[in-house]
Amino acid sequence: MIHISQLTREFKNGKGIFDVTFDVNEGEVFGFIGPNGAGKSTAIRHLMGFMKPDKGTAIINGLDCWKDATEVKNLVGYLPGEISFIEGMTGTEFLKMLSEMRGMKDDKKQKKLIDLLEFDPKTPIHKMSKGMKQKVGIVAAFMHDPQVLILDEPTSGLDPLMQQRFVELILQEKGEGKTILMSSHIFTEMEKTCDRAAMIKDGRIILEDTIESIRTKRKQKCQVTLVNKEDIEKLRQFDVSSVTDNIIEIIVHQNWNELIQVLSQIDVRKLHSAEEDLEDVFLKYYQKEEVK
Ligand SMILES: Nc1ncnc2c1ncn2[C@@H]1O[C@H](COP(=O)(O)OP(=O)(O)OP(=O)(O)O)[C@@H](O)[C@H]1O
């Protein structure tokens, strides 16, 4: 449904996006992850036809995002990273204006979304908090029931309860067969909603995989709090990922038995074992210089 091929746009300062290539299949939720300034919004702006690429193409449902920008905008529900509102309007007035521009016949979905996100749209937008403005943006992106949703950091400014509501909304839309591309910094949100993800760094895609496969790359780790700090030396033979005072964290590579044997010889105050979370897996990629 969404095809980005060798998309390149270099700004005068040398920053930008370079040979960005990935596809989002129909009915799929695709996560676009990357640190600040990596190029997520730039790629998304090309998809919305706001920017002309130097090279490469962005296609949505067979439409060229630059040449057929008007049709693309009609097809897609878009939530920008920074929403620009019109001065002096309330949320209700803003949403009404967009509904009229889109020729929407009923506001059932709009009302449902406002209920889900629990906010008062009658508030003047200039008096709204960042989170409330974000909610207006989410309603605006979803209310006309588009087949394709492109969401740039959709949960920015939302509190944890509303982030959870947003996850519910994405899963519901996915259940209805919508195709969704969303950028985020929040890995847990990606894990709960996405089928696949691509990671961008310094304008280039460095990883593209299914969330399931990224999950299986997680390692097991064991955090040991020692009674005597000196005993840390006895644990150095293992794959130590960090040491803070009397707390040592070890990556366990199927060698639990050996570790347990050593631990049985020393005074342990606390033991905690867990699977590396998705955030750790991604952070490793953020820190690596390797490019696909
Ligand atoms: N119009 C522009 N002119 C010059 N540089 C730009 C322009 N737009 C973006 N950039 C630069 O391109 C890089 C990518 O920016 P972009 O906004 O796409 O990143 P991002 O991944 O969305 O970041 P964030 O998570 O911080 O929103 C950054 O270094 C940014 O400063």
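Please read all numbers here as calculations on a predicted model, not as lab measurements.

**Q** So what exactly am I meant to see when it comes to the packing of helix α4 (residues 108-117) against helix α6 (residues 160-175) here?
**A** When two helices pack together, their arrangement is given by the angle between the helix axes and by the axis-to-axis distance. In contact at an axis separation of 9 Å, α4 and α6 are set at 145° when each is read in the N-to-C sense. For the pair α4 and α6, the contacting residues are Lys109, Lys112, Leu113, Leu116 and Leu117 in the first and Met162, Arg165, Glu168, Leu169, Gln172 and Glu173 in the second. Looking at the contact of α4 with α6 residue by residue, the class counts come to five nonpolar, one polar and five charged.

**Q** I tried to follow the domain arrangement of the protein chain on my own but got confused; where do I start?
**A** For interface size, the figure often reported is the accessible area lost on association. With domains assigned, the protein chain is organised as domain 1 (2-216) and domain 2 (220-275). Distance between the C-alpha centres of domain 1 and domain 2: 43 Å.

**Q** Sorry, what's going on with the pairing of strand β4 (residues 55-60) here?
**A** For a regular strand, side-chain orientation follows a simple rule: the groups alternate between the two sheet faces. Summarising the sheet, strand β1 (residues 2-10) and β4 pair through five bridges and their orientation is antiparallel. Along β4, the bridge assignment pairs Ile4 with Ala58. Relative to strand β5 (residues 63-64), β4 is paired through two bridges, and the arrangement is antiparallel. Residue Ile60 lies in a different strand from β5, and its bridge partner there is Leu63. From the end of β4 to the start of β5, which pair antiparallel, there are two residues, and Asn61 there has a positive phi angle of about 50°.

**Q** Explanation requested: the sheet that holds strand β8 (residues 179-184) in the structure shown.
**A** Pairing in this open sheet of six strands is mixed, and the strands run β6-β7-β8-β3-β9-β10 from one edge to the other. On the outer flanks of this sheet lie β6 (76-79) and β10 (204-210), each paired with one strand and no other. Along the sheet, successive strands turn relative to each other by an average axial angle of 15°, direction set aside. As paired elements, strand β3 (residues 29-33) and β8 share five bridges and run parallel to each other. If you follow Gly31 over to β8, its bridge partner there is Met182. On top of the sheet, helix α5 (residues 130-142) reaches β6 and β7 (148-152); it is set at about 170° to β6, its chief contact.

**Q** Sorry, what's going on with helix α10 (residues 278-287) here?
**A** The periodicity of an α-helix, 3.6 residues per turn, causes residues three or four places apart in sequence to face the same way. Along α10, the residues that are buried comprise Leu278, Val281, Phe282, Tyr285 and Tyr286. End-on view of α10: buried residues confined to an arc of 145°, all on one side of the axis. The inward-facing, buried residues of α10 abut β3, α7 (187-193), β9 (196-201), β10 and α8 (211-216).

**Q** Please explain the site of the ligand as it appears in this structure.
**A** Around the ligand, a shell composed of 13 residues is seen, among which Gly37, Gly39, Lys40, Ser41 and Thr42 lie nearest. Separating an oxygen atom of the ligand from a backbone N or O atom of Ala38 is a distance of 3.1 Å. Taking Lys40, its side chain carries an N or O atom lying 2.8 Å from an oxygen atom of the ligand. In isolation the ligand offers 640 Å² of accessible surface; the protein chains occlude 66% of this area. Its residues assigned to classes, the shell around the ligand shows three nonpolar, seven polar and three charged.

Rules of the game
Residues numbered from 1 in each chain as written. Predicted model: local features only at pLDDT ≥ 70, side-chain atom pairs only at ≥ 80, totals over all residues. Heavy atoms only, no water. Axes fitted to C-alpha atoms, helices over the stretch in contact; angles between N-to-C directions. Helix = DSSP H or I, 4+ residues; strand = E, 2+ residues; numbered from the N terminus. Contact = heavy atoms within 4.5 Å. Nonpolar A, V, L, I, M, F, W, Y, C, P; charged D, E, K, R; others polar. Domains from an automatic or database assignment. Pairing = 2+ DSSP bridges. Buried < 20%, exposed > 50% of the residue type's maximum accessible area, 1.4 Å probe, protein only. Arc of directions from axis to C-beta. Near = heavy atom within 4 Å. Polar contact = N/O pair within 3.5 Å; in protein donor to acceptor, adjacent residues only side chain to side chain. Areas by Shrake-Rupley, 256 points an atom, 1.4 Å probe, with all protein chains shown as cover.

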